[in-house]
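Fold and geometry: a report
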Amino acid sequence: MRKLLALTGVALGLAAQPAFAADPRVELKTNHGTIVLELNQAKAPKTVANFLQYVKDGHYNGTVFHRTIDGFMVQGGGFDKDMKEKPTRGRVENEAANGLKNDYGTIAMARTPDPHSASAQFFINVKSNEFLNFREPIPQGYGYAVFGRVVAGMDVVDKIAKVPTGNAGPHQNVPREPVVIESATILPAK
């Protein structure tokens, strides 16, 4: 019967519709509250796959938001609470030309001046940062790849952005009291 229905649909010129999974969501439980991220697989497939693999591997558990600047962004995913850098996998291709913008509440990959140097570190924009957007495929214009947005807990992110900071060795804007990502979990699809 199913085969007949499928053939009837084809005979009527109806295209089979693929089943699309909802964009994955990741819950970050921090010592300041919970943040839920929705990741955009269609616009940033390599970046989302990279981020999800780090979540599956437990990489983000116990890392901190090690750089917080109110009116700019909060950055995390690379250091433990003692400011020791965690080992990472290889780099991910910069997908900043995907049309997503570094708007308030979006999550993007952190990187060095090399446009294709992102690995595990990410940041959440606490204002619209147009100057971080893709302009052209040269080192100075590549931008930072946005791959999702906060869908719950932006009040937590805003609170994290306002914590008192100082220097820790060569690092600046480090929260004086660690802002710990206690766990990162992929939420079940709805």
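Refer to the structure presented above.
Computed from a prediction, not measured in an experiment: that's the story for all the values here.

Quick look at the overall build of the chain
Helix and strand counts for the chain come out as three helices and 10 strands. Ordered by position from N to C terminus, the α and β elements of the chain give α-β-β-α-β-β-β-β-β-α-β-β-β. Per-residue burial over the chain gives 44% buried out of 190 residues. Contacts spanning at least 24 positions in sequence make up 68% of the contacts within the chain whose residues lie at least 6 apart. Carbon and sulfur atoms make up 55% of the accessible area of the chain, which totals about 10300 Å².

As for the sheet that holds strand 6 (residues 122-125)
Spatial ordering of the closed barrel is given by 1-2-7-5-6-4-3-10, a layout of eight strands whose pairing is antiparallel. This sheet shows a mean twist of 35° between the axes of neighbouring strands, independent of strand direction. Taken together, the three bridges between strand 5 (residues 106-109) and strand 6 define a ladder with antiparallel strand orientation. By the bridge assignment, Ala108 is partnered in strand 6 with Phe123. Taken strand by strand, helix 2 (residues 45-56) contacts strand 1 (25-30), strand 2 (33-39), strand 5, strand 6, strand 7 (146-152) and strand 10 (180-186), and its axis lies near 110° from that of strand 10.

Digging into the pattern of salt bridges
Note on pairing: side chains with opposite charge can pair once their charged atoms come close. Applying the stated criterion across every chain yields a total of six salt bridges. For Arg89, the salt bridge is made with Asp57, and the minimal N-O distance between the two is 3.6 Å. One end of the pair, Arg89, is in the loop between strand 4 (73-80) and strand 5; the other, Asp57, is in the loop between helix 2 and strand 3 (63-69), with 32 residues separating them in the sequence. Members of the salt-bridge network, linked through shared partners, are Arg25, Glu38 and Arg149.

Some details on the environment of Arg135
Take Arg135: it is sitting in the loop between strand 6 and strand 7. On a C-alpha basis, the gap between Arg135 and Ala97 in space is 7.9 Å, while along the polypeptide they are 38 residues apart. Leave out the neighbours within four places in its chain, and Arg135 touches Gln140 and Gly141. Looking at Arg135, its side chain comes within polar contact range of the main-chain oxygen of Gln140, at 2.6 Å.

Brief notes about unusual backbone geometry
Phi is positive for Met83, close to 65°, though the residue is something other than glycine. Summarising the element assignment, Met83 is placed in the loop between strand 4 and strand 5. Positive phi values are uncommon outside glycine, yet Asn173 reaches one of about 60°. With respect to the secondary-structure elements, Asn173 resides in strand 9 (residues 171-175).

A word on the nonpolar core
If you look at the biggest cluster of nonpolar residues, it comprises 33 residues, and the most contacted ones within it are Ile35, Leu37, Phe51, Phe65, Phe122, Ile124 and Phe147. Of all the secondary-structure elements, those providing two or more residues to this core are strand 1, strand 2, helix 2, strand 5, strand 6, strand 7, helix 3 (154-161) and strand 10. With residues up to four places along the chain from it excluded, the contact list for Ile35 reads Val26, Glu27, Leu28, Thr30, Phe65, Val150, Ala152, Gly153, Val156, Val157 and Ile160.

Each value, and the rule that gives it
- Residues numbered from 1 in each chain as written.
- Predicted model: local features only at pLDDT ≥ 70, side-chain atom pairs only at ≥ 80, totals over all residues.
- Heavy atoms only, no water.
- Helix = DSSP H or I, 4+ residues; strand = E, 2+ residues; numbered from the N terminus.
- Buried < 20%, exposed > 50% of the residue type's maximum accessible area, 1.4 Å probe, protein only.
- Contact = heavy atoms within 4.5 Å.
- Areas by Shrake-Rupley, 256 points an atom, 1.4 Å probe, with all protein chains shown as cover.
- Pairing = 2+ DSSP bridges.
- Axes fitted to C-alpha atoms, helices over the stretch in contact; angles between N-to-C directions.
- Salt bridge = Lys/Arg side-chain N within 4 Å of Asp/Glu carboxyl O.
- Polar contact = N/O pair within 3.5 Å; in protein donor to acceptor, adjacent residues only side chain to side chain.
- Core = buried A, V, L, I, M, F, W, Y, C linked by side-chain atoms within 4.5 Å.

It is worth stressing that arrangement in space is one thing and function is another; only the former is reported here.
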